[in-house]
Structure formats: structure tokens, C-alpha cells
Amino acid sequence: MHPSLTPEALAELRKTRPYPAVTVLLPTHRREPDNAQDPVRLRNLVAEAKERLNADPAVTKEQRAEVAGQLDRAVADIDLVHAEDGLAVFAAPGEHQVWSIARTVPSRVVLSDTFLTRNLVAARAAERPYWVLAVSADRVTLWDGTPERVGEHTADGFPLTRSLDDPDAERKERIGDLPSTFRDERTRTFLRAADQAMSAVLDAHPRPLFVAGEAAALSLLDDIGTVTKKATRVPHGGLADGPADAVGQAMAPLVADREKAELDALLQELDTARGQRQFAAGLDEVWQNVTADRVRLLAVDDTFRQTVRDDGGHLVPATADDLDAVEDIVDEIVERALDTGAQVRFVPEGTLTEQGGIACALRY
């Protein structure tokens, strides 16, 4: 299963496929006893997908056999022992993909000429990843964090380690020239290397950075490096050795504060757009503006979705069995917004209730 979603992978997933492109979404569980029924639910959803292929007159016998085979191969790739909170299975003529998602998804089967990527987009947006650089005199580690989990990043030169033993320490002590740990030139060189490695990571993968360590370590990094100028300082020693749970617990209040600040800023931006008459809310208004490439910032309630049809200029509610129904117009709105370079943010359920679950700031 794919471990993460990059913008490039998302763009590839959103391309039009030969019909039928099948999406199977399954809510999964990380722990017993809830995960015991996940294999059964998966089999049932795949069986439903095959039934819908059989019942669709637009699908030829050859296409039906090909896509059913791709679904079977996708299921063979799935490892539910290490499941997260959701699973997306994609199958189309000539291909299949499986994505594990660190957020719950609705149980759904969709046949279309594109894969249903809305839940992947939401998961990626909800991850809000951050880095934690944990610093000590002899070890510097980098931690890859999201609000859901933290794991050690063991690439790009990390972790950095060294010995604190100074072969010349005894002579320096006799003559009174043994500096404290964070005034020692070897320590300066060590932390300078860590600063350079972290700068390279931020250039390749920009995201918020927390730097954790004793006050003396942070002060030295301020003097010799650049990354602390872009970071939130965390005067908390003892994290360079982890474990991940300890790093996550130390960061949790700071991450929560950051999420609240980001949500407040988003709502303020929408309010400002309303005052400037560059604002739209509700499915129909947002749809009209996103299809005209006018949306620069789109905000969507986390679990909001709607089945609609176009009555010749406006969206009206519909049922899934209506011939012209779009099963999840929110997915189409999100994808069109991304295609035109708009920012897309998913917000906690109920945040946009007064706006009909969806709102946007316009370019003009």
C-alpha cells in the first residue's frame, strides 16, 4: 500500500480514466476488536463493486472482466494488519492502486471516469505535517510529525551523532582551558552540520519546524545557524533520543495552538473576503465560481458531501440512482479548485454550518 500522498501522485490520480474507473472506500480500524470485521467489510464492498459492473450496460464484458481482475489484484496487495483509519482502492482498465489513509472515510463504491480522490485530498490537508529537530550535545534527531502521529526521519543525514569524549580533555583541564559543552568548538561544528542538514530538508520539504533542546543548545544554534530563525523554539531537553510518543506528547499543545491559529486565520480571511464582496458560500454559488476559475481559497466542512444534478444552470439535490446525478459534487469542486491553483482547506465538522458546509474567497 502507498505510504504517503505527494502533489504529483495526487495529480496523477485525478486524471481522467477509461470508464469504468472504480473507487472503493472502506473505513478501517487500527486496533482489536474493531479491526476484526475489516476483511469482511472489504470483501462485501468489492463484491458490490463487481455487481455494479455487471449491472452497468455501459460496461462491456471485456471491461468487466478486466476491472474485476484489477480489483482482485488490489485486494491481494492490502495488509489490513497495519491498517490506519481508512482505505481507498482504485481499479480501472490496466491499473489498480491501494492507499492507506490516516483518517476515517465513508463506506462507498463509485463508478466513474475518474477516481474519487476527495478523501485523499482531505487526508493530506488534515495531516498538516511538521518537523521537530531535537538537539543535544551528542545527538540530533529529526521527527516527522502530524496531528495523528510522530515518527523518526532517518534520511537526509539524520540522525547525527558524535562522542563527547575529548582525547585532550585531561590536558585542557590541567591548564584550565576545558570549555563547557556548548562553548566547545567541536560542539559548534556538530550543531552547524545539523543546521545545514535541516536547511536542506526544509528546502526540499517545507513545513513548520519546531526545534527542541536545552536552552544552551538553542542559544548556540541561534548563533551559528539559520533554521531557528524559521522555527518555533521549544526549550525541552531529552527528546533527541525519543521515543516517538514522548516527542508527540511534548509537541501536542504546540500543534493544537498552531491548528487553532490557522483556523482562526482562515475564518478571518473568509470574513475579509465577504467584506470585499469576494466571497461565495453554499454548493451552488461555490460551484458557479469554481467552474469560472474564480476561487483562490476553498474551505469545506470535514464530512460534508452531497449528491446533486445540474438542472441547466444550478445544482439541485438528487439521489444516487438519478441518471444525471453526481454522487459527490464536493469532490468535483475540490478537484477543480486544485486544478486552478486554489488553496483547499478542510475544517472541523460544523465550522461552516451557516455557510452551507462550503465557502470560498474569490480572486475577483
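Everything discussed here concerns the structure shown above.
Residues numbered from 1 in each chain as written. Predicted model: local features only at pLDDT ≥ 70, side-chain atom pairs only at ≥ 80, totals over all residues. Heavy atoms only, no water.

**Student:** Can you explain the environment of Asn54? Please cite residues and give values.
**Tutor:** Within the secondary structure, Asn54 is located in helix H2 (residues 38-55). Separated by 28 residues in sequence, Asn54 and His82 place their C-alpha atoms 32 Å apart. A distance of 3.4 Å separates a polar atom in the side chain of Asn54 from a polar atom in the side chain of Arg64. (Helix = DSSP H or I, 4+ residues; strand = E, 2+ residues; numbered from the N terminus. Polar contact = N/O pair within 3.5 Å; in protein donor to acceptor, adjacent residues only side chain to side chain.)

**Student:** Tell me what's going on with unusual backbone geometry, and back it up with residues and numbers.
**Tutor:** The step from Glu32 to Pro33 runs through a cis peptide bond, and the omega angle for that step is 0°. Residue Asp156 is not a glycine yet carries a positive backbone phi of 60°. Along the chain, Asp156 falls in the loop between strand E7 (150-153) and strand E8 (160-161). In this structure, Arg277 is a non-glycine residue whose phi angle is positive, near 55°. Secondary-structure assignment places Arg277 in the loop between helix H8 (244-275) and strand E11 (279-281).

**Student:** Can you explain the packing of helix H9 (residues 283-291) against helix H10 (residues 329-339)? Please cite residues and give values.
**Tutor:** Relative to each other, H9 and H10 sit at 30°, their axes nearing to 10 Å. Between H9 and H10, the angle falls in the class roughly parallel. Considering the relative orientation of H9 and H10, their crossing is left-handed. Between H9, through Leu283, Val286, Trp287, Val290 and Thr291, and H10, the contact on the second element is made entirely by Ile329, Val330, Glu332, Ile333, Arg336 and Ala337. Looking at the contact of H9 with H10 residue by residue, the classes come out as eight nonpolar, one polar and two charged. (Axes fitted to C-alpha atoms, helices over the stretch in contact; angles between N-to-C directions. Parallel < 35°, antiparallel > 145°, perpendicular 65-115°, else oblique. Left-handed = near helix turned anticlockwise from the far one by under 90°. Contact = heavy atoms within 4.5 Å. Nonpolar A, V, L, I, M, F, W, Y, C, P; charged D, E, K, R; others polar.)

**Student:** Describe the side chain of Arg258, and please don't skip the residues or the numbers.
**Tutor:** Counting through the fold element by element, Arg258 comes out in helix H8. Polar contacts involving the side chain of Arg258 include one to the main-chain carbonyl oxygen of Arg128, which spans 3.1 Å. Here Arg258 is in contact with Arg128, Pro129, Tyr130, Pro208 and Phe210, once residues within four sequence places are set aside.

**Student:** With reference to specific residues and values, describe the nonpolar core.
**Tutor:** Core analysis: the largest hydrophobic core is formed by 41 residues, its most contacted members being Leu298 and Ile333. The greatest single-element share of this core, amounting to five residues, is contributed by H10. When residues no more than four places from it in sequence are discounted, the contact partners of Ile333 are Leu283, Val286, Trp287, Val290, Leu298 and Ile358. Among the nonpolar cores identified, the runner-up in size contains 24 residues, and Val135, Phe158, Phe182 and Val211 belong to it. (Core = buried A, V, L, I, M, F, W, Y, C linked by side-chain atoms within 4.5 Å. Buried < 20%, exposed > 50% of the residue type's maximum accessible area, 1.4 Å probe, protein only.)

**Student:** Describe H2, naming the residues involved and giving the relevant values.
**Tutor:** Helix length check: H2 (18 residues) gives 26 Å between terminal C-alpha atoms against 26 Å at 1.5 Å per residue, within 8%. Considered for burial, the residues of H2 that qualify are Asp38, Leu42, Leu45, Val46, Ala49 and Leu53. Projected onto a plane normal to the axis of H2, the buried residues spread over an arc of 100° and lie on a single side. Turned more than 90 degrees away from the buried face of H2 sit Arg43, Asn44, Glu51 and Ala55, all of them exposed. Structurally, H2 contributes buried residues whose contacts are with strand E1 (21-27), helix H3 (61-77) and strand E4 (108-112). (Expected span 1.5 Å × (residues − 1). Arc of directions from axis to C-beta.)

**Student:** An account of the pairing of strand E10 (residues 231-234) is requested, with residue identities and associated values reported.
**Tutor:** Examined bridge by bridge, strand E9 (residues 209-212) and E10 share four bridges and lie parallel to one another. Looking across to E10, one finds that Phe210 is bridged to Thr232. In this fold, E9 hands off to helix H7 (residues 215-224), which returns the chain to E10; that crossover is right-handed. (Pairing = 2+ DSSP bridges. Right-handed = clockwise from strand over helix to strand, strands pointing away.)

**Student:** Go over the sheet that holds E4 with me, naming the residues and quoting the values.
**Tutor:** In space, the four strands of this open sheet follow the order E3-E2-E1-E4, with antiparallel pairing throughout. Since the sheet does not close on itself, it has two edges, and those belong to strand E3 (95-101) and E4, each with one partner. Between one strand and the next, the sheet's axes are offset by a mean angle of 10°, whatever the strand orientation. Across the face of the sheet, H2 comes into contact with E1 and E4 while running at roughly 155° to E1. Together, E1, strand E2 (86-92) and E3 form the strand contacts of H3, whose direction differs from that of E2 by roughly 145°.

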